[in-house]
Amino acid sequence: MLLRLPTSVSEAQECMAEGAVPIGGATLIWATWQRDGFPEQAMSLRDLPEANTIGRETLGGAVILNRIDDRVPEALRRAAATVGTGAVRRTATVGGNIVGSTLRCLLPAALVLEARAVVLDPDSVYETDLTEVLAKGHLLLGLRWRDPITSAYRKLPGEAGGPPPLVVAAALHTVGTGGTRLRVAVRDGYDVLTESTEYDADSGSDHAQVLDDLRRTSVGALHATAREAVHELVTDLLSRPTGC
């Protein structure tokens, strides 16, 4: 197998056009290749600058999970820190986790940040929503979002060999003048649910009212453990001083 390491977008597109199979850390596909055979060409974006950005409003698809630090919002940072073992986090990539994994531990965090996906295909680079990326398995060049007021992430303990651990993420976003949007995402099993509610932070809206509004969405139909996890995380988020 020939591993190609493009250093520019145009070179990466050329590799794709010539049939190179995109890989990240290969943590999810190596066993499959050993069983079914290796492709003639593979391509990693680890040397492509556009796929390795880390910032307050951007994260590259080729970034290794253990490189994700406090330059990104808390929800993404905590999500990355809970993926697998230290050995996995030293190899696995953002794109591999979101697009190539069935667990997608980073996805709830990306959804509450209202992140958009930057996609690379053989003919263009374009921005789209994460739903399209997941449905079509696009090559993720990176994520972009607007810096939230604050965000949080929690993964509940799971049982070895059991179902995927419950994941809850939440973020607050500024809306217009004085408005705030609370966005919540829950991974229950392999399914991810997202909901949001808006309130006027300057009108004296209390936390109880915001939580009540959230319960009127599909969050209210979750099982008791998930509802309690959402309640605890959102309560913590609403209690934080602005700017945390």
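These lines cover the structure that appears in this document, whether it is placed above or below. Worth saying up front: this structure is predicted, and the values here are computed from it rather than measured.

## Describing the nonpolar core
Nonpolar side chains in soluble globular proteins generally cluster together in the buried interior.
1) Next: Among the nonpolar cores identified, the biggest contains 35 residues, and Leu59, Val94 and Leu143 are the most heavily contacted of them.
2) Next: Secondary structure elements with two or more residues in this core: helix H3 (74–81), helix H5 (94–100), helix H6 (107–112), strand S6 (116–120), helix H7 (130–136), strand S8 (139–144) and strand S10 (167–175).
3) Next: Excluding anything up to four places from it in sequence, leucine 59 contacts Thr53, Ile54, Ile68, Val72, Leu76, Val94, Gly142, Leu143 and Trp145.
4) Next: Counting residues in each nonpolar core, the second largest holds 23 residues, with Leu172, Ala226, Val230 and Leu233 among its members.

## Regarding helix H1 (residues 9–17)
1) Next: Val9, Ala12, Gln13, Cys15 and Met16 are the residues of H1 that are buried. The arc that holds every buried residue of H1, seen down its axis, measures 155°, which confines them to one face. For H1, the exposed residues lying more than 90 degrees away from the buried face are Ser10 and Ala17.
2) Next: Considering only its buried residues, H1 is in contact with strand S1 (2–4), strand S3 (41–44), S6, strand S7 (125–129) and S8.
3) Next: Once H1 finishes, glycine 19 follows within two positions and takes phi at roughly 95°, a positive value.

## Some remarks on the packing of helix H8 (residues 207–215) against helix H9 (residues 224–239)
1) Next: Two elements in contact, H8 and H9, have axes separated by 11 Å at closest approach and are oriented at 140°. By the angle between their directions, the pair H8 and H9 is classed as oblique. Two packed elements cross with a definite hand, and for H8 against H9 that hand is right-handed. On H9, the residues touching His207, Val210, Leu211, Leu214 and Arg215 of H8 are Val230, His231, Val234, Thr235, Leu238 and Ser239.
2) Next: Looking at the contact of H8 with H9, its residues break down into 6 nonpolar, 4 polar and 1 charged.

## As for the pattern of salt bridges
1) Next: Throughout the structure, instances matching the rule amount to 15 salt bridges.
2) Next: Between arginine 4 and glutamate 18 there is a salt bridge, with the nearest N and O atoms lying 2.6 Å from each other. Separated by 14 residues along the polypeptide, arginine 4 in strand S1 and glutamate 18 in the loop between H1 and strand S2 (21–23) bring together distant segments of the chain.
3) Next: Given a relative accessible area of 18%, arginine 4 falls into the buried group.
4) Next: We classify glutamate 18 as partly exposed; its relative accessible area is 42%.
5) Next: Close ionic contact of glutamate 127 with arginine 116 constitutes a salt bridge, the shortest N to O distance being 3.5 Å. With glutamate 127 in strand S7 and arginine 116 in strand S6, this residue pair connects regions lying 11 residues apart in the sequence.
6) Next: A relative accessible area of 32% places arginine 116 in the partly exposed class.

Rules of the game
- Residues numbered from 1 in each chain as written.
- Predicted model: local features only at pLDDT ≥ 70, side-chain atom pairs only at ≥ 80, totals over all residues.
- Heavy atoms only, no water.
- Core = buried A, V, L, I, M, F, W, Y, C linked by side-chain atoms within 4.5 Å.
- Buried < 20%, exposed > 50% of the residue type's maximum accessible area, 1.4 Å probe, protein only.
- Helix = DSSP H or I, 4+ residues; strand = E, 2+ residues; numbered from the N terminus.
- Contact = heavy atoms within 4.5 Å.
- Arc of directions from axis to C-beta.
- Axes fitted to C-alpha atoms, helices over the stretch in contact; angles between N-to-C directions.
- Parallel < 35°, antiparallel > 145°, perpendicular 65-115°, else oblique.
- Left-handed = near helix turned anticlockwise from the far one by under 90°.
- Nonpolar A, V, L, I, M, F, W, Y, C, P; charged D, E, K, R; others polar.
- Salt bridge = Lys/Arg side-chain N within 4 Å of Asp/Glu carboxyl O.

Interpretation note: all reported values are geometric properties and have no functional meaning in isolation.
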